[in-house]
Amino acid sequence: MSTATTAENTQEKVNYLNVARGIKSWLFTMDHKRIGILYLFSVMAMFLFGGILALSIRLELLSPGADMMTADTYNQVFTLHGAIMIFLFIIPSVPAILGNFALPIQIGAKDVAFPRLNLASWYVYIAGAALAIYAIIAGSVDTGWTFYTPYSTQASGAVITMVLAVFILGFSSIFTGINFIATIHKLRAPGMTWYKMPLFVWGLYATGIIQVLATPVLGITLVLLILERAFGIGIFDPAMGGDPVLFQHFFWFYSHPAVYIMILPGMGVISELISTFSHRKIFGYKAIAYSSVAIAFLSFGVWGHHMFVSGQSQYATLIFSFLTFLVAIPSGVKMFNWVSTMYKGSLTFETPMLFTLTFFFTFAIGGLTGIFLGATATDVHLTDTYFIVAHFHYVMMGGTIMAFFGGLYYWWPKIWGRMYNEAWGQISALLVFLGFNLTFFPQFIAGTQGMPRRYFLYPDKYQMLNVVSTTGSWILALGLVVMAVVLIHAMKWGRKAGKNPWGALTLEWMIDSPPPPHNFEETPKIEHGPYDHDKVLVKPDKYSGEA
């Protein structure tokens, strides 16, 4: 009897990772969790590539003169860094990886509404990424990631190929958005009302709306750019009767909402982490949920604040400035509620919580510096300086990416069924915090002193700030390397994780780690809200007890 019991305990349970073997089982999988893993490796490979380009840029800017590369090469490197980080890493990171893995489980579903479309979105992403890499190999692109006309219609190089790659990647984003909206509407478990959904799901829902409504505008704009460049149809080039400012209107009509495609899922992650590691019911659930939707809709009306110096009318500038301040209100509501959740909470400081606190610090700086750019009086002076570079990175990397890293550490035990080394995880978080701020905060100072962005050479007076910034970039890189080692080590050698290492209340923590192939053996019963820590006491189950 005891021998049989021991054998039963040592036999590995069937889960989504071991239910099928071989490369074909991954390439043709319909399982949302496996598709999330496919995205994980693909997107992180692009992050590595884009990160190496970033380090190259910082090394070149270590001194005022030309050191490592020519001016043309520098233009190409920062263009590729921007395009790869925006279109191939940040936009798909949280929705395609963490959203694919966690969303269906969090609402009690066995999969997304359209599993084949989900797999197709990954193949479309791969096709777009392959075309972008081909553009790098076949030619060069030095237009900047914004592809501003008329330069992008006249410059030599593989501009059409790169633009086509971005066009294709847009379909991947649309497919994911459609799938998530349909899944949330149709596949919620009985009892999973809108106000019992985790806030991460609300964030993905708002993101899906933007992906579906805004991305086609970018697609059409890029097609028009290709038509003008390939066939000489005058749309944006004034030499052919076109209007280059029209391109900016079209581009930013998508690209400012795209900022929220990037940040809203990250905000959803933060809502999960702050309640779990404060061990307290989240403060102002409905206010946070409605803020996500409000940000999604308001984001369509603020594109003109990128064009204060483009010659648009004073009245248009006034309206866009007002709307820019207005869209900050829902973000402020979220910040207030997150901080209020921590008040009188029983805080613990595991690695995901450290990234959450980093998010608060860096995203707050990013948001506050955005006020300077929303006000026309200061924006005119700061436009196209390093202030913009610092602000953008504090919002995108300090916001979205910090939340993404926190989410990776949070769900890693559920994804792989193994715990990571907590001490080394915390060290990686501290290195990333230190390196990030050393890299980008000096750029605020350089920007206010007039250092222009995208310039290959700069006056000697900016060198000390650039030395600090480049030093910070290597500390940041060290932190990311440590994080990669910690997470990869955990996949193979980490101790087996229990069902619920953090004592969280959402549904993914009620099932085994890693989850079964179809998530739930029976349709789950929704007996409490996702953050009812005041009603339900759950003891953390960090390790499974198995070797």
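1. Structural notes on the overall build of the protein chain
The secondary structure content of the protein chain amounts to 16 helices and 0 strands. Over its C-alpha atoms the protein chain spans a radius of gyration of 23 Å, differing by no more than 12% from the 24 Å that the globule rule assigns to 547 residues. Its C-alpha atoms put the protein chain at 85 × 45 × 45 Å along the principal axes. Among the 547 residues that make up the protein chain, the fraction classed as buried is 58%. Relative to all contacts within the protein chain whose residues are 6 or more apart in sequence, the contacts with residues 24 or more apart total 82%. By element, 68% of the accessible surface of the protein chain is carried by carbon and sulfur atoms, the whole surface being about 22000 Å². Separation of charge centres in the protein chain, based on 30 positive and 26 negative side chains, amounts to 9 Å.

2. Things to note about unusual backbone geometry
With an omega dihedral of 5°, the bond running from T149 to P150 counts as a cis peptide bond. Inspection of the secondary structure puts P150 in the loop between α5 (115-138) and α6 (151-154). The residue after S513, namely P514, is reached through a cis peptide bond having omega -5°. Examined against the element boundaries, P514 turns out to sit in the segment after α16 (463-493).

3. Quick word on the pattern of salt bridges
Scanning all chains against the criterion turns up 4 salt bridges. Notably, a salt bridge pairs D31 with K33, separated by 3.0 Å at the nearest N-O pair. Judged on exposure class, the residue D31 and its partner K33 are both buried. We note a salt bridge from K281 to D532, for which the minimum N-O separation is 3.5 Å. Linking K281 in the loop between α9 (244-278) and α10 (285-298) with D532 in the segment after α16, this pair joins segments that are 251 residues apart in sequence.

4. Some points on a nonpolar patch on the surface
A surface patch of nonpolar side chains, about 360 Å² in accessible area, is lined by L59, L62, M68 and W474. Assessed through its relative accessible area of 48%, M68 is described here as partly exposed.

5. Side note on helix α15 (residues 422-448)
An α-helical turn contains 3.6 residues, so a residue and the one three or four places further along point in the same direction. Spanning 27 residues, α15 covers 40 Å between terminal C-alpha atoms, matching the ideal 39 Å at 1.5 Å per step. At the N-terminal boundary of α15, the capping side chain belongs to N421, with an oxygen 3.1 Å from the backbone nitrogen of A423. Immediately downstream of α15, the backbone of G450 shows phi near 105°, a positive value.

6. Section: α5
Across its 24 residues, α5 extends 35 Å between first and last C-alpha, which sits within 8% of the 34 Å expected from 1.5 Å per residue. Within α5, the full set of buried residues consists of N118, L119, S121, W122, V124, Y125, G128, A129, A132 and A135. Residues of α5 that are buried in the fold lie against α2 (23-27), α3 (32-60), α4 (71-106) and α7 (159-186).

7. Remarks on the confidence of the model for the protein chain
Within the protein chain, residue pLDDT values average 91, and 97% of them lie at 70 or more. Of the regions scoring below 50 in pLDDT, residues 1-8 engages in 0 contacts with residues more than four places distant in sequence or in other chains.

8. Observations regarding the side chain of R34
When you line up the elements, R34 lands in helix α3. Among buried charged residues, R34 stands out as having no salt bridge; its nearest opposite-charge side chain is D31, 5.5 Å away. In this view, R34 contacts Y16, L17, V19, A20, S25, W26 and T29; residues no more than four positions away in its chain are not counted.

9. What to know about the environment of Y410
When you line up the elements, Y410 lands in helix α14 (residues 386-416). C-alpha of Y410 to C-alpha of T351: the two residues are 59 residues apart in sequence and 8.1 Å apart in space. For Y410, the contacting residues outside a window of four places in its chain are E272, L273, T276, F277, P352, W502, A504 and W509. Within polar-contact distance, the side chain of Y410 engages the side chain of T276 at 3.1 Å. A polar side-chain atom of Y410 sits 3.2 Å from a polar atom in the side chain of W509.

What counts, and where the lines are drawn
Residues numbered from 1 in each chain as written. Predicted model: local features only at pLDDT ≥ 70, side-chain atom pairs only at ≥ 80, totals over all residues. Heavy atoms only, no water. Helix = DSSP H or I, 4+ residues; strand = E, 2+ residues; numbered from the N terminus. Rg over C-alpha atoms; globule rule 2.2 N^0.38 Å. Buried < 20%, exposed > 50% of the residue type's maximum accessible area, 1.4 Å probe, protein only. Contact = heavy atoms within 4.5 Å. Areas by Shrake-Rupley, 256 points an atom, 1.4 Å probe, with all protein chains shown as cover. Lys, Arg positive; Asp, Glu negative; His and termini not counted. Charge placed at Lys NZ, Arg CZ, Asp CG, Glu CD. Salt bridge = Lys/Arg side-chain N within 4 Å of Asp/Glu carboxyl O. Patch = residues over 30% accessible without salt bridge, like charges linked within 9 Å, V, L, I, M, F, W, Y side chains within 5 Å. Expected span 1.5 Å × (residues − 1). Polar contact = N/O pair within 3.5 Å; in protein donor to acceptor, adjacent residues only side chain to side chain. pLDDT = per-residue confidence, 0-100.

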